[in-house]
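Reading the structure
The chain contents come next:
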Amino acid sequence: MKKATILGMSLTLLFSLNTVAITPVAASAMGSNVTQQETSQSTTTKANNTLTAPTTDPLSSPQEHGETIIFDKNGNVVPMTELQNKPSLQPRSATQPTTVKYLSKGQSYWSEDFSASGMRYGGYMFTLSGTKNVHVTANKGAFTIYFTDRPEANAVVRTGYLTPSGSPYRVVTDQWFYFGVNNPISGQNYYLQAY
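Just so you know, these numbers come straight off a predicted model, no measurement behind them.

A closer look at the environment of P79
With respect to the secondary-structure elements, P79 resides in the loop between β4 (68–71) and β5 (80–82). The class for P79 is exposed, based on a relative accessible area of 68%. Sequence separation between P79 and Y161 is 82 residues; the distance between their C-alpha atoms is 8.1 Å.

Encoded structure:
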């Protein structure tokens, strides 16, 4: 049995675990926000209506638009920098991508090798079609992955840092993303596989 307080309402929940999903078995609610009218309907029924068990891996499909999660090869969550006020970033170089490339389930992309010095960006901004999952492998050097809330390179809302030692990464997102590196190692590249 598990007891939780949500919005001033005390909920007592009992869950049955199996290998596929968590299924609520029984629930009851009490607290100052529960009125006499609410008690005419079964609180167990009300709780079961609002607490539905996931039917798929919750990480394979973010629950709200704009959620992004990155896992390294060991399954650890990679910390990201969230840009709370969603400022428009000024381009750091004239080579930020302006072309969007769609990756559908089963499609892959291998970037050209990066070279030269200074800030360099990949040639494409990516978005996923029919999936929210992509494996990302950084080769020979680390990359910053930029996530945007629209297909504009300066609309960055969060960034992550991907190293070869953490590759391949599992990225779960419904946002646009692109890659950048400052002073790349000659031959540095990345590989994407949508699944």
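Having seen the structure, we can now continue with the description.
Details of the side chain of T159
Mapped onto the fold, T159 is located in strand β12 (residues 156–162). Apart from residues no more than four positions distant in its own chain, T159 is found in contact with M80, T81, T144, I145 and Y146.

Here's the deal with the pattern of salt bridges
Using the criterion set out here, one finds three salt bridges in the structure. Its salt-bridge partner being D149, residue R150 comes within 3.0 Å of it at the nearest N-O pair. Between E152 and R150 there is a salt bridge whose closest N-O contact spans 3.2 Å. Within this structure, D149, R150 and E152 form a network of salt bridges that share partners.

Focus: the pairing of β12
By the criterion of burial, β12 is predominantly enclosed, with six of the seven residues buried. The pairing of strand β11 (residues 143–148) with β12 spans six bridges and is classified as antiparallel. Across the sheet, residue F143 finds its bridge partner in β12, namely L162.

Brief notes about the nonpolar core
Grouped together as the largest cluster of nonpolar side chains are 22 residues, with contacts concentrated most on I70, F126, V136, F177, F179, Y190 and L192. Looking at this core, the elements that each hand over two or more residues are β9 (125–129), β10 (133–139), β11, β13 (169–173), β14 (176–182) and β15 (189–194). Residues M119, Y121, V156 and Y178 belong to the second largest nonpolar core, which totals eight residues.

Looking at the packing of aromatic side chains
Applying the stated criterion across every chain, the model contains 18 aromatic pairs. With centroids separated by 6.1 Å and ring planes inclined at 45 degrees, the aromatic side chains of F147 and F177 adopt a geometry described as tilted. Of this pair, F147 sits in strand β11 while F177 is found in strand β14, placing the two residues 30 residues apart along the sequence. Ring pairing ties together the aromatic residues Y109, F114, Y124, F126, F143, F147, F177, F179 and Y190, which thus form one cluster.

A look at the environment of L103
Along the chain, L103 falls in strand β6 (residues 100–104). Along the sequence, L103 and T131 sit 28 residues apart, while their C-alpha atoms lie 8.7 Å from each other. When near neighbours in sequence (up to four residues on either side) are disregarded, L103 contacts S108, Y109, F126, T127, L128, S129, L192 and A194.

Observations concerning unusual backbone geometry
In this structure, the amide linkage connecting S167 to the following residue, P168, adopts the cis form with an omega of -5 degrees. Structurally, P168 is set in the loop between β12 and β13. With a phi close to 75 degrees, A116 is a non-glycine residue in the positive phi region. Looking at where A116 falls in the secondary structure, it is placed in the loop between β7 (108–110) and β8 (119–121). If you check the backbone angles, K140 has positive phi at about 70 degrees while not being a glycine. By the secondary structure assignment, K140 is in the loop between β10 and β11.

The rules behind each value
Residues numbered from 1 in each chain as written. Predicted model: local features only at pLDDT ≥ 70, side-chain atom pairs only at ≥ 80, totals over all residues. Heavy atoms only, no water. Helix = DSSP H or I, 4+ residues; strand = E, 2+ residues; numbered from the N terminus. Buried < 20%, exposed > 50% of the residue type's maximum accessible area, 1.4 Å probe, protein only. Contact = heavy atoms within 4.5 Å. Salt bridge = Lys/Arg side-chain N within 4 Å of Asp/Glu carboxyl O. Pairing = 2+ DSSP bridges. Core = buried A, V, L, I, M, F, W, Y, C linked by side-chain atoms within 4.5 Å. Phe/Tyr/Trp six-rings, centres within 6.5 Å; stacked < 30°, edge-to-face > 60°.

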